[in-house]
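So you can see what is in the structure, the chains are spelled out below.
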Amino acid sequence: MTIGSILYDAVNLACRLYQFLIIVGAIMTWLPIDPYSRVVTFVNDLTDPFFRLIERFMPAFLLSPLNFTPMVAYVLVALVRLAFNQVFLHLLYGVSAL
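Residues numbered from 1 in each chain as written. Predicted model: local features only at pLDDT ≥ 70, side-chain atom pairs only at ≥ 80, totals over all residues. Heavy atoms only, no water.

**Q** Can you lay out the overall build of the protein chain for me, pointing to particular residues and giving the numbers?
**A** Tallying secondary structure elements over the protein chain gives 3 helices and 0 strands in all. N-terminal to C-terminal, the α/β element order of the protein chain is α-α-α. Taking 13 Å as the expected radius of gyration for a compact globule of 98 residues, we find that the protein chain reaches 16 Å, considerably beyond that expectation. With the C-alpha coordinates aligned to their principal axes, the bounding extent of the protein chain is approximately 45 × 30 × 20 Å. Looking at the 98 residues of the protein chain, the share that counts as buried comes to 26%. When the accessible surface of the protein chain is totalled, it reaches about 7,100 Å², and 74% of it is carbon and sulfur. (Helix = DSSP H or I, 4+ residues; strand = E, 2+ residues; numbered from the N terminus. Rg over C-alpha atoms; globule rule 2.2 N^0.38 Å. Buried < 20%, exposed > 50% of the residue type's maximum accessible area, 1.4 Å probe, protein only. Areas by Shrake-Rupley, 256 points an atom, 1.4 Å probe, with all protein chains shown as cover.)

**Q** An account of the nonpolar core is requested, with residue identities and associated values reported.
**A** Counting 8 residues, the largest nonpolar core is built from C15, Y18, I22, F51, I54, M58, A73 and V77. Broken down by secondary-structure element, the contributors of at least two residues to this core are helix 1 (3–28), helix 2 (38–57) and helix 3 (69–93). Broken down by element, this core gets its largest block of residues, 3 residues, from helix 1. (Core = buried A, V, L, I, M, F, W, Y, C linked by side-chain atoms within 4.5 Å.)

Set out below in structure tokens:
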């Protein structure tokens, strides 16, 4: 295993874990869970800064009554992951992931 493949796998894993946290955070908002529990606090601490950044640029009609911020965040992370994969595979191996 080369350092390039380790970096490639690490970035992909980090993006997938963050996408998982986004989904968990969105589902937790629908459930009657204590908002001060450790799990909720942990997920919110990791996702809320990104959500707030996205909300600054979203039109108001997308924020209420249903908040589409988690969906937009999930898609943005997926696009970043895809772009990273394309650039990294092209630089490292000269091939395209698509």
